[in-house]
Every structure is written in structure tokens, then in C-alpha cells.
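# Notes for the structure review
Residues per chain are reported as follows:
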Amino acid sequence: MALTLKEPASPNGPTASAKTFFGHPRGLATLFLTEMWERFSFYGMRALLPLYLIAGGPAAAAGSQGNGLAMTGATALAITSLYMAMVYLPCMTGGWLGDRLWGPRRTVIVSGCVIVAGHLMLALPGLPAFFAGLALVAIGSGLLKANISTMVGHLYEREDSPRRDSGFTVFYMGINLGGLLAPLIIGTVGQQVSWHLGFVLAAVGMALGLMQFVLGTRHLNRRSDVVPEPLAPGELGRVIRKFLFWVGAAAIACAAPALSGHFTLHWALVSLSLVGIAIPVAALARIKRDKALDRGERSRMSAYVWFFAAAAVFWMIYDQGASTMALFGAKSTTGELFGFSFPSSWLQSVNPVFIMALGPVFAWMWMWLVRRRREPTTVVKFALGLWLIGLSFLVFVVPMVMAGHGARVSPMWLVSIYLIQTIGELCLSPVGLSLTTKMAPLKYASQMMGIWFLAVTAGDCAASLLVLGGIDLNTAPVVGVEAGLAALAGLAVFLRRDRVRSLMGAVR
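As a starting point, this report considers the structure included with it. Just so we're clear, the structure is a prediction, and the values are computed from it rather than from any experiment.

The rules behind the values
- Residues numbered from 1 in each chain as written.
- Predicted model: local features only at pLDDT ≥ 70, side-chain atom pairs only at ≥ 80, totals over all residues.
- Heavy atoms only, no water.
- Helix = DSSP H or I, 4+ residues; strand = E, 2+ residues; numbered from the N terminus.
- Rg over C-alpha atoms; globule rule 2.2 N^0.38 Å.
- Buried < 20%, exposed > 50% of the residue type's maximum accessible area, 1.4 Å probe, protein only.
- Contact = heavy atoms within 4.5 Å.
- Areas by Shrake-Rupley, 256 points an atom, 1.4 Å probe, with all protein chains shown as cover.
- Lys, Arg positive; Asp, Glu negative; His and termini not counted.
- Charge placed at Lys NZ, Arg CZ, Asp CG, Glu CD.
- Axes fitted to C-alpha atoms, helices over the stretch in contact; angles between N-to-C directions.
- Parallel < 35°, antiparallel > 145°, perpendicular 65-115°, else oblique.
- Left-handed = near helix turned anticlockwise from the far one by under 90°.
- Nonpolar A, V, L, I, M, F, W, Y, C, P; charged D, E, K, R; others polar.
- Salt bridge = Lys/Arg side-chain N within 4 Å of Asp/Glu carboxyl O.
- Core = buried A, V, L, I, M, F, W, Y, C linked by side-chain atoms within 4.5 Å.
- Phe/Tyr/Trp six-rings, centres within 6.5 Å; stacked < 30°, edge-to-face > 60°.
- Lys NZ or Arg CZ within 6 Å of the ring centre and 35° of its normal.
- Expected span 1.5 Å × (residues − 1).
- Bend = angle between axes of the 7 residues up to and from the residue.

### Re the overall build of the protein
Helices and strands together make up the secondary structure of the protein, namely 17 helices and four strands. Whereas a compact globule of 508 residues would reach a radius of gyration of roughly 23 Å, the protein reaches 22 Å, a difference of no more than 12%. If one aligns the C-alpha atoms of the protein with their principal axes, the spans along those axes are about 60 × 55 × 40 Å. Within the protein, the proportion of its 508 residues that are buried is 56%. Taking all contacts inside the protein whose residues are at least 6 apart in sequence as the whole, residues at least 24 apart take part in 83%. When the accessible surface of the protein is summed, it comes to about 20,700 Å², and 68% of that surface belongs to carbon and sulfur atoms. In the protein, which carries 39 positive and 22 negative side-chain charges, the distance between the mean positions of the two groups comes to 4 Å.

### A short note on the packing of helix H10 (residues 295-318) against helix H16 (residues 476-495)
Their axes nearest at 10 Å, the elements H10 and H16 cross at an angle of 160°. The angle between the axes of H10 and H16 places the two elements in the roughly antiparallel class. For the pair H10 and H16, the crossing hand works out as left-handed. Packed against H10, whose contacting residues are Trp306, Ala310, Val313, Met316 and Ile317, the element H16 presents Glu482, Leu485, Ala486, Ala489, Ala492 and Val493 at the interface. Residue composition of the contact of H10 with H16, grouped by class: 10 nonpolar, no polar and one charged.

### With respect to the pattern of salt bridges
Counting across every chain of the model gives six salt bridges. Across the pair Glu38 and Arg39 runs a salt bridge whose closest N-O atoms are separated by 2.7 Å. Arg39 shares its class with Glu38; the two are buried.

### Topic: the nonpolar core
Core analysis: the largest hydrophobic core is formed by 139 residues, its most contacted members being Leu31, Tyr83, Phe396, Ile451 and Trp452. With 14 residues, the single largest contributor to this core is helix H1 (residues 27-54). Beyond its immediate sequence surroundings of up to four residues, Ile451 is in contact with Met92, Ala283, Leu284, Ile287, Tyr304 and Phe308.

### Here's the deal with the side chain of Arg46
Take Arg46: it is sitting in helix H1. Overall, Arg46 belongs to the buried group, its relative accessible area being 9%. In this view, Arg46 contacts Met84, Asp319, Ala322 and Gln348; residues no more than four positions away in its chain are not counted.

### Structural notes on the environment of Gly459
Checked against the element boundaries, Gly459 lands in helix H15 (residues 445-468). Expressed as a C-alpha distance, the spacing of Gly459 and Ala312, which sit 147 residues apart in the sequence, is 4.4 Å. Discounting residues that sit within four places of it in the chain, Gly459 has contacts with Ala312 and Met316.

### Digging into unusual backbone geometry
For residues besides glycine, phi is generally negative; the peptide bonds are generally trans as well. The backbone phi angle of Ala70 is positive, close to 55°, even though this residue is not glycine. With respect to the helices, strands and loops of the structure, Ala70 is situated in the loop between H1 and helix H2 (73-88). Residues other than glycine seldom take positive phi values, yet Arg373 does so here, at roughly 55°. Assignment of secondary structure puts Arg373 in the loop between helix H12 (350-371) and helix H13 (378-402).

### Topic: the packing of aromatic side chains
Considering all chains together, one arrives at 21 aromatic pairs under this definition. Consider the rings of Phe340 and Trp346, whose centres lie 6.0 Å apart with planes at 40°: the pair is tilted. For Phe340, a relative accessible area of 46% puts it in the partly exposed group. A network of ring pairs unites the aromatic residues Tyr52, Phe130, Phe131, Trp195 and Phe199 as a single cluster. The residue whose ring lies beneath Lys381 is Trp366, and the NZ or CZ to ring-centre distance is 3.9 Å. Its end group placed over the ring of Phe494, Arg497 keeps NZ or CZ at 4.0 Å from the ring centre.

### Observations regarding helix H14 (residues 412-439)
Look at H14: 40 Å from first C-alpha to last across 28 residues, which is about the 40 Å you get at 1.5 Å a residue. Bending of H14 peaks at approximately 40° at the position of Glu425. H14 sits mainly inside the fold: 23 of its 28 residues count as buried.

### Points about the packing of H12 against H14
Direction vectors running N to C along H12 and H14 enclose 45°, while the axes themselves pass 9 Å from each other. On the basis of the axis angle, H12 is oblique to H14. Between H12 and H14 lies a crossing whose hand is right-handed. Mapping the contact onto sequence places Val350, Asn351, Phe354, Ile355, Leu358, Gly359, Phe362 and Trp366 in H12 and Val415, Tyr418, Leu419, Thr422, Ile423, Glu425, Leu426, Cys427 and Val431 in H14. A per-class count over the contact of H12 with H14 returns 13 nonpolar, three polar and one charged.

### A few points about the environment of Ser341
Tracing the chain through its elements places Ser341 in strand S4 (residues 340-341). Placed 122 residues apart in sequence, Ser341 and Ala463 show a C-alpha to C-alpha distance of 31 Å. If sequence neighbours within four positions are ignored, Ser341 has contacts with Gly335 and Glu336.

Listed below in C-alpha cells is the structure:
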């Protein structure tokens, strides 16, 4: 049953006399702050995770706090990449719940509670609590992300509104404000005081975000309470039975190697990584083959495959900022600038700082180019994003070579790399969010936002498989090859730009 807001907003967004948020509908402030606090909890966990995994072991940086899980660097890289992938894997399920069962607003409330529970589990000692907490945070974040982004799209009446891309860029600043604060607060407490206290702070952040969302829902569009495709009578029972079947099949698949004595952490990580690639591909293929879609929707889905593949390559490299680059920062940088020492987790705040500084510039720039009819097409923006992420790893080769014999380099190398990555991110990520809401078939409104985030899952799982396959991502030759891969992917997208634009139809 759909919920009803006490003070429903106009279905077309705010009236002329309504309060606005940086010139956008007032509901954008509610979603901005909710996403800010959710990202505060997520980025705090992300800043601590690889360092906590190696703490107390031979891979830990000199002088770091102990009491971690003492894992090898390769295992830590694989788990960190896989965790970030699994955070986005449930996005499809979250979109389905928003489309078919609860509606976007209720799904966000449920997912926020799950995230809080996950971070509290991480505050408990022991491996069982650790992996259970990771799972809950991943599930909750996935359920939340697709729906909250869909609600941003609901704030704009016209899908081709010039304000839409600008609004998503403002929303994207909320993501990065949380990402800026988290390493400075959670990272410092976790790295220098107590890992588990840092996880508690992440739970507090998500709880604040949830409270703010509940109090501010009166500013949202009424569509955020609507279930677009409600389940037919009896359909819920069939869905539950199918869910239990697959859970049982997964349990049997895990039990067989465990009983035979062949179950290992490596086996589990490889299996999850393969699933993380297979599910996004299968989900995208299922929607593309749906005979209920009209000709225009099927054409747009064919174009969307190109954007999905480009995004997967982009995120495979970009998200190594929290794994490969994070471990490099902890072990191979001096940890000080201008005589000021700081924990290595603070480097995770560099990208959000640049987003906060450059986000408004890009939002203004796109609008300025629109007015002059000179804005690059979405395809060109994606190609630029890929070229820039490739350039960032080409630069990364230099400090890796310099630190090849145990020397430490200036953190400014990583700062410069994050700057290049930020510019690439602003060309691709907020634009991709907006594009997905415009290209999504009505039947899959929230689920398509889940598909967009599954590109992150596919990219991160690919990185995890590379590590598990014995490839050391923390070496200059491998980083150089990844830079070349991104450049080639950007060239392929650019050369096919006319074909992709024709498949997009009226969407621009």
C-alpha cells in the first residue's frame, strides 16, 4: 500500500511562490541532506576498511594502530573492491521494491534502518560480526541509492528540463559533502583511537540522515509515494517462494565445498566477484529483451548498453582510490604537507573537496553551454570521463616508480591524481544519473537507477577478480595498462557517438 504525505507537493514541483533550494525544488534539500548523511556513513567505512583489514599484520604501514584483522595487502584490496561492488549490487532489488511493493519513500526509510544496524554490527569484535555488518551495510545502501536518485528525478516535471542535469549536480554535491566529512571525523577516530568507535560514528551519521528524511518528506513530489507497478494479487507469494529457492540454492552451493573441506576465503571472494559481474549483465539483458517495451524504449536500452559499459570501465579504475591508492598513501607517502602531519585516511577527503569546489562550476558551465547551444552531447561527456580517468592513472605511474625501492613520496602526487579523477567524475557520474532517469522505460523507473549503479558493481568486481587472479594492482606496469584500457574505451565511445545518439531518440 502506498503512503500518503500530510502536505503533498505539487506533482509538477514547487509553485512560483514556494521556497527553493539553490533555485531548485525545496525537496532537493531533503534528498541532498539524506544522501549526505548516508554517504558520511559509507565513506567513513570506506576510509577505514582497507586500513583495518591490514592493521596488525605485515602489510600494515609503520606506526599504524594494531587490533585489526592482519590480512595481506592483496586480500585487503580484493575485499575492499568486492565490498564496494556489493554495496551497489542490491540497487536492482531496491529499485524493484520501490517500483512494485513499497514505493521509493518507504524503501528509503527501511534501507536506512538496515544501514544503521550494519554499522552497529561492525562495532562488535570478531569476524562473524564484521562480515555480517558488511553485508547489512551493503544491502541497506543498495536499497537506498536507486530510490533516492529516482526521487530527485521526480522533482522535475519535464524529463528534458535544462535544470535536471544541474539539479543532479547539486544533489551530487551532497554525496561529496558527506564524503568530505567522513574521513576527517570517522577516519581520524578509527585510525588513531579505535576502529570500532569509528564504525559507531558511521551508524550515528546514518541515523541523523534517516531522521532528517522523515521530517522533510512533506517537500517531496507525490510520485515518491506512488508504487508505479503494484504487485498483482498472489504475486508477492510467488516472489517470496522464488527468493527462498535462490537463497536455498546459494546455501547449498556454499555448504558443499564447506563440508568437503574446500571452502576458503579466496573461493568465496572469487564466487562473489563472478556473481557481481553476471547479475548486472543478466539484469540489463532481461530489461532489453522485454517484449512489453515499445520500439522507442528498446532503442534507448540499446544505446544505454554503451553508457553502462563505459561506466563499468570508469568505476573499475576510479574506485581504486579507496583500495590501491589508499594503501599506497598509507605505505608510500610521507603523511605530511607543509610540516603538518595527518592520518592517511584524510586523503579520502581530497576528492570530495574537489567535487565541492568544482561541482557548482560544472553545474553553471553546463547551463551556460545549453543557453549557447554548445553543450557537449552525453556521449562526448562519457568519452571525456574515460580519457580523464585514464590520464589520472598515467600520472599515478610516476609516484609508483619513484616509491619502487621503499622511498616515500609527497601526498601531492595523490592530490593531483584525485583532481584529474574529479573532473572526469563530473563529466560522467551526475550526467549518468540524469541520463538514466530520462532513458528508463516507465515500467522500470526505479529499477533502471539500480542498473546504473550495477555498473559500479561490475567494475569493482572486475578489479577484485584481477587481484584474486594474482595480478598486483599496486605496480606501475599494471596501472599503466589500466590507463591504456580507459583511453581505448573512451575512443570507442567517441567513434560510435553518432550511432548511439540515433538510438537515444529524442533523449539528449
